[in-house]
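# Observations on the three-dimensional arrangement
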Amino acid sequence: MSNQNSCKEIFITTPIYYVNDVAHIGHAYTTIIADMLARYSRLVGYDTFFLTGTDEHGQKIETSAKAKGKTAKEYADEVSGKFKQLWDDFDISYDKFIRTTNEDHKIGVQKAFEKMYQKGDIYKGNYEGNYCVGCETFFTDAQLIEGEGCPDCGRATSRVKEESYFFRLSNYEDKLLKLYEQNPEFILPKAKAKEIVNFVQGGLNDLSISRTSFDWGIKLPKSMNDDNHVMYVWLDALLNYITALGYGTDEKNMKYWPAKVQLVGKDILRFHAIYWPAFLMSLDLPLPDHIAAHGWWTRDGQKMSKSKGNVVNPKEIADAYGLDAFRYFMLREVPFGQDGDFSQKALMDRINSDLGNDLGNLLNRIQGMSGKYFDFKINSKDVKKYHQKELDEIDAILNNVEQYIFNMQLNRYLEEIWKVLTIANKAIGDYEPWAMMKNNQEEQAMALVALIVNIMAKVSILLQSVMPEKILKIANSLGIEINTDLYNKLIVQKDLVDQTTIVKIDALFPRIEQPLLPSADIQEVESKVEKPRKEQDKHTQDNQEEDNLITIDQFFQTTLKVGTIIEAQEVPKSKKLLKLQVDLGEGQTKQILAGIKEYYSANELIDTQVCVVANLKPAKLMGMESQGMLLAAKDENGLSLLRPESKKIAGTKIS
Ligand code: MSP
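Residues numbered from 1 in each chain as written. Predicted model: local features only at pLDDT ≥ 70, side-chain atom pairs only at ≥ 80, totals over all residues. Heavy atoms only, no water.

## Side note on the sheet that holds strand E16 (residues 340–342)
Read from one edge to the other, the open sheet built from 3 strands follows the order E15-E14-E16, with strand pairing classed as mixed. The sheet terminates laterally at strand E15 (302–303) and E16, the two strands that pair on one side only. Of the strand pairs in this sheet, strand E14 (residues 297–299) and E15 are connected by 2 bridges, and their pairing is antiparallel. Bridging across to E15, Arg299 finds its partner in Gln302. (Pairing = 2+ DSSP bridges. Helix = DSSP H or I, 4+ residues; strand = E, 2+ residues; numbered from the N terminus.)

## Observations regarding the environment of Cys150
In this fold, Cys150 is placed in the loop between strand E6 (137–139) and strand E7 (158–167). For Cys150, a relative accessible area of 0% puts it in the buried group. Each C-alpha atom of the pair Cys150 and Asn198 lies 20 Å from the other, and the pair is 48 residues apart in sequence. Each residue touching Cys150, except ones within four places of it in the same chain, is listed here: Cys132, Cys135, Phe139, Ile145, Arg155 and Thr157. (Buried < 20%, exposed > 50% of the residue type's maximum accessible area, 1.4 Å probe, protein only. Contact = heavy atoms within 4.5 Å.)

## What about the domain arrangement of the protein?
On domain assignment, one finds that the protein holds domain 1 (342–501) and domain 2 (552–641). Relative placement of domain 1 and domain 2: their C-alpha centres are 61 Å apart. (Domains from an automatic or database assignment.)

## Details of the packing of aromatic side chains
Following the criterion strictly, the structure yields 29 aromatic pairs and no others. Centre to centre, the rings of Phe11 and Phe49 are 5.7 Å apart; their planes meet at 65°, and the pair counts as edge-to-face. A residue pair is termed long-range when its members are at least 10 positions apart, and Phe11 in strand E1 (residues 9–13) and Phe49 in strand E3 (residues 47–55) qualify at 38 residues. One exposure class covers both Phe11 and Phe49, and it is buried. Both rings, one in Phe49 and one in Tyr256, keep their centres 5.1 Å apart while their planes meet at 45°; by these two values the pair is tilted. Placement of the pair is Phe49 in strand E3 and Tyr256 in the loop between helix H8 (240–243) and strand E12 (261–265), with a sequence separation of 207 residues. (Phe/Tyr/Trp six-rings, centres within 6.5 Å; stacked < 30°, edge-to-face > 60°.)

Have a look at this one:
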């Protein structure tokens, strides 16, 4: 580990959060990771700037505000305030909280638009296609599910036909491919890069970057003389990463650009790994070192959604279990990039085992031994004499962990540090200081206790970014102050704390025997999360399936039944939909809207049997309720409904 770059600037960003939602565990996850990176890089001595904020424009926000009877700005003020409050409650160490409704952001975005236009990267044309307001994303006909549904979230898209400005994204295809090739760590985890490369190789269309059908957005620069357009919300939003540093206004903080790490969830990787570098190239600005995409959190094995009412409120968890324990859990539980599951059981296990047994208990032992044998006064002068082997072993581990931080192997970082705690706990058992004291080997016993104190001090330095509050308590107990100087002394120079006086404190992580929140009481936050947006590239399906293996219990949460179609009608004005009444036995009939019109006529379906997902929440399609789904298989030869091989009683369960 080296501290050569102490004047180096490090810029770390989270996505800016939409203000039509309140913060949930997913938002907290990204923000906690970014906070850890920022705290770590400040401690090491880097000149660090950490940015977060809210994304406040666009049709989705305008519509949500109207539904609440508020102006878009009133609504944005309210929700943005809640995000900021939560981060303040969580002691998130951001240097700037940007709002895209800030005046200087608007000026910066307009300047960027002008520059791209002058460069010849923007032209005016007409857009005709499909828009998903929920995802604020344009899709071609070919990308839609069953001709209507958004391929990311499944909701109905709307047909848009309007004059629009376009960004020449197609011109950047080769440059982007070269970027990914020459910088294999531009996208982290590296496995995710493949999806993006495949997507770009599939060809990029120019990107529609303005809208005329609503107002809630940044106007085009005056020089364009075109007042009808507002900017596409993703152009506006992505540019926050430079306007926050003063791009186009007061540019003194532009020294922090390019970013070291830009954290995003896997659902918005495409915007950050394709559009964003293309915009930056157009602006002649350098590109970030890493776009790091994390996975999604589920709750007790299930996807979180407002309709299921199982969205985890991070504040409630942190209040019950402690903020630092929650931070540790989030960072340790899941390898970065993979999906993770939140359950109170998993959190309790981490607290009781890693934090209570390994870390907290070691501090107890230090307090006990130092108090009993040495009146709390510890001197390191003989540690090297008796424990060079252990020191070499732990320094070798600790000097090697920084790499795991900036390549986002955060769980690995913690695992390595825990190896050191194991060495310390084992040394106490192996050397038996109580026996040494009995045998009048006071010098050896002091060396051993001092070794443990030093290990604890070194580990604390490296855990400060993960659990700032608890580590402060440990530091107070060890009589040390964690700062860059101590980092240099103990980690970089592999030196020791000369002497210190231990202070007794209460147990840091008392054992938790029972869940602290009855599951049903975990308050639900309102959330827009319906389901993780599906990733773009079907080549990644196999990997995702491996990542998302389910248990048999999860499978049986889906009720599959044989149904008999008793009525079938075409849905007027829909190319794809048939409206079916399906008998599911015991007097139960469900109305199902199925996108199968191109493959089956209404008449031929009557009295035939189908396999039905019978416990699906109703959804509206073309204004009508659909209460289930038919199972079907589709390949290049067309679509076939799945049916029982021989007739079954309607309502027969499929397993
Ligand atoms: N406003 C855009 C980002 C613009 S950045 C220039 C946006 N906002 S969001 O509020 O919808 O999502 C913000 C982040 O939260 C995304 O990175 C998304 O991946 C993350 N998460 C939302 N739900 C999540 C989980 N259940 N689990 C983990 N993270 C998830 O997209």
